[in-house]
Amino acid sequence: MSEPLKIAYSPCPNDTFVFDAWAHGRVPGAPALDVTFADIDVTNGMAERGEFDVLKVSYAVLPWVLDEYALLPCGGALGRGCGPLVLTREPGDGPSLAGKTVAVPSERSTAYLLFRLWAAAEVPGGVGQVVVLPFDEIMPAVRDGKVDAGLVIHEARFTYGQYGLTCLADMGEHWEHTTGLPIPLGAIIAKRSLGAERLRGLAEAARTSVRMAWDDPEASRPYVLEHAQEMDPKVTDQHIGLYVNEFTADLGEDGYAAVRGLLTRAAAEGLVPPLGPDALAFV
């Protein structure tokens, strides 16, 4: 019997929902998984160091890791109406971010790329200082005046009002308005050294796990809630509904176009290295 595949993904509800059936041995013929939970900024670093067989990472890190890893065509997070938000203490139409301090969760994240592309178009003169803070510290820092604005992701979309904050801009709305494409957020990657046949098998296992979760959502609920970090169950359901969709089962033409579009635009701004012509191709 072969060793379990070493996989790392976040404890967020969309990931535990997607991988529940596979992680618990319910996907017929799929390899066993040795699961490590880590936030996506951590898994991005793991990918850059070549750790783990399979990883959930930000699409933004792909230009640095695609020599060693292949992008799986399923299992990740793309969508519409689910982009990062820029939050401030002021009314939404008020402040300009020109010269201001903005807290972000990572500089190697899709959220950061979307923010930089938005700022290049919408903030004359550019923002001032960008500071990296842990995700859960950003909204309190904005509320307490430690920074002028914060870039937030995930369930903060549903909870920022509890901090008395207002949404200055929705990075996803800007992206969708300017490109017509869905928002690429998180990708599933696997080591190319596993070989083409195993990579195809992993993609099929991920796709089957997603479909099993959709067919029987209650089966995944204990796993989701166990790792949801005290998230309200209603927010958990909203989170899954927003981030697990048709692109999770199959990137398709629009999904691949969104990924290429993001990374091409980011490369043009000097934010990431340019991709090779076949870098996103699956085996």
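### Quick notes on the packing of helix H1 (residues 13–23) against helix H10 (residues 233–243)
- At a minimum axis distance of 8 Å, the contact between H1 and H10 shows a crossing angle of 70 degrees. On the basis of the axis angle, H1 is roughly perpendicular to H10. Contacts between H1 and H10 involve Pro13, Asn14 and Phe17 on the former and, on the latter, Thr236, His239, Ile240 and Tyr243.

### Re empty space enclosed by the protein
- For the structure on display, the rule yields one cavity of 30 Å³ or more.
- Of the volumes computed, that of the largest cavity is approximately 30 Å³.
- What lines the largest cavity is simply Tyr59, Leu71, Leu72, Pro73, Cys74, Gly76, Ala77, Leu78, Ala187, Ile188, Phe247 and Leu251.
- Among the elements of the structure, strand E5 (77–79) and strand E11 (183–191) are those that each provide at least two residues to the lining of the largest cavity.
- Looking at the lining of the largest cavity residue by residue, the class counts come to eleven nonpolar, one polar and no charged.

### Overview of the side chain of His227
- Looking at the secondary structure, you find His227 in the loop between helix H9 (217–226) and H10.
- Judged by relative accessible area, His227 falls into the buried class, the value being 17%.
- Apart from residues lying up to four places away in sequence, His227 is in contact with Pro11, Thr16 and Phe37.

### Let's talk about the sheet that holds strand E7 (residues 102–104)
- The mixed open sheet is built from five strands, whose spatial order is E8-E7-E9-E6-E10. If you trace the sheet from one side to the other, it starts and ends with strand E8 (130–132) and strand E10 (166–170), each paired once. Neighbour-to-neighbour, the strand axes of the sheet open up by a mean angle of 30 degrees, direction not taken into account.
- Pairing analysis gives two bridges linking E7 to strand E9 (residues 149–152), with the strands arranged parallel. Bridge pairing links Ala103 to Gly150 in E9.
- The sheet contacts of helix H4 (residues 110–122) involve strand E6 (85–88), E7, E8, E9 and E10, and relative to E9 the element is tilted by about 130 degrees.
- Against the sheet, helix H7 (residues 171–179) makes contact with E6, E9 and E10, and its axis sits at roughly 25 degrees relative to E10, the strand it touches most.

### Section: the layout of surface pockets
- Quantified by volume, the largest pocket comes out at close to 610 Å³.
- Taken together, 37 residues form the lining of the largest pocket, with Cys12, Ile40, Phe135, Ile153 and His154 sitting closest to its centre.
- Counting residues per element, the ones that place at least two in the lining of the largest pocket are H1, helix H2 (40–48), strand E3 (54–58), H4, helix H5 (135–143), helix H6 (156–159) and E11.
- It is H1 that contributes the most residues to the lining of the largest pocket, three residues altogether.
- When its residues are assigned to classes, the lining of the largest pocket shows 19 nonpolar, eleven polar and seven charged.
- When its volume is computed, the second largest pocket comes out at roughly 320 Å³.
- Lining the second largest pocket are 15 residues, with Phe135, Met139, Glu155, Thr159 and Tyr163 sitting closest to its centre.
- Of all the secondary structure elements, the ones that give two or more residues to the lining of the second largest pocket are H5 and H6.

### Quick word on the nonpolar core
- Ranked by size, the top nonpolar core spans 57 residues in total, and within it Leu55, Tyr59, Leu62, Val86, Leu97, Phe115 and Trp118 carry the most contacts.
- In contact with Leu97, other than residues within four places in its own chain, are Val86, Val102, Phe115, Trp118, Val123, Gly126, Val127, Gly128, Ala149 and Leu168.
- In terms of nonpolar packing, the next biggest core, distinct from the first, is built from 28 residues, Leu72, Ile188, Leu194 and Val244 among them.

### Some remarks on the environment of Pro11
- Structurally, Pro11 can be placed in the loop between strand E1 (5–9) and H1.
- The class of Pro11 is buried, set by a relative accessible area of 10%.
- C-alpha of Pro11 to C-alpha of Ala213: the two residues are 202 residues apart in sequence and 16 Å apart in space.
- Once residues lying within four places of it in the same chain are set aside, the contact partners of Pro11 are Thr16, Phe37, Ala38, Asp39, His227, Ala228 and Gln229.

### Some thoughts on the pairing of E11
- Of all nine residues making up E11, nine are buried, and the element is well covered by its neighbours.
- As paired elements, E3 and E11 share five bridges and run antiparallel to each other. Note on E11: the bridge partner recorded for Val54 is Ala190.
- With three bridges connecting them, strand E4 (residues 69–71) and E11 associate as antiparallel partners. Residue pairing across strands places Ala70 opposite Ala190, the latter belonging to E11.
- As paired elements, E5 and E11 share three bridges and run antiparallel to each other. By the bridge assignment for E11, Leu78 is matched with Pro184.

Cut-offs and rules
- Residues numbered from 1 in each chain as written.
- Predicted model: local features only at pLDDT ≥ 70, side-chain atom pairs only at ≥ 80, totals over all residues.
- Heavy atoms only, no water.
- Axes fitted to C-alpha atoms, helices over the stretch in contact; angles between N-to-C directions.
- Helix = DSSP H or I, 4+ residues; strand = E, 2+ residues; numbered from the N terminus.
- Parallel < 35°, antiparallel > 145°, perpendicular 65-115°, else oblique.
- Contact = heavy atoms within 4.5 Å.
- 1 Å grid on protein atoms, 1.4 Å probe; cavity = no way out; pocket = protein on both sides within 12 Å on 5 of 7 lines; lining within 4 Å.
- Points joined across faces, edges and corners; volume = space filled by probe spheres on them.
- Nonpolar A, V, L, I, M, F, W, Y, C, P; charged D, E, K, R; others polar.
- Buried < 20%, exposed > 50% of the residue type's maximum accessible area, 1.4 Å probe, protein only.
- Pairing = 2+ DSSP bridges.
- Core = buried A, V, L, I, M, F, W, Y, C linked by side-chain atoms within 4.5 Å.

In short, the description is geometric, and any link to function would need to be established separately.
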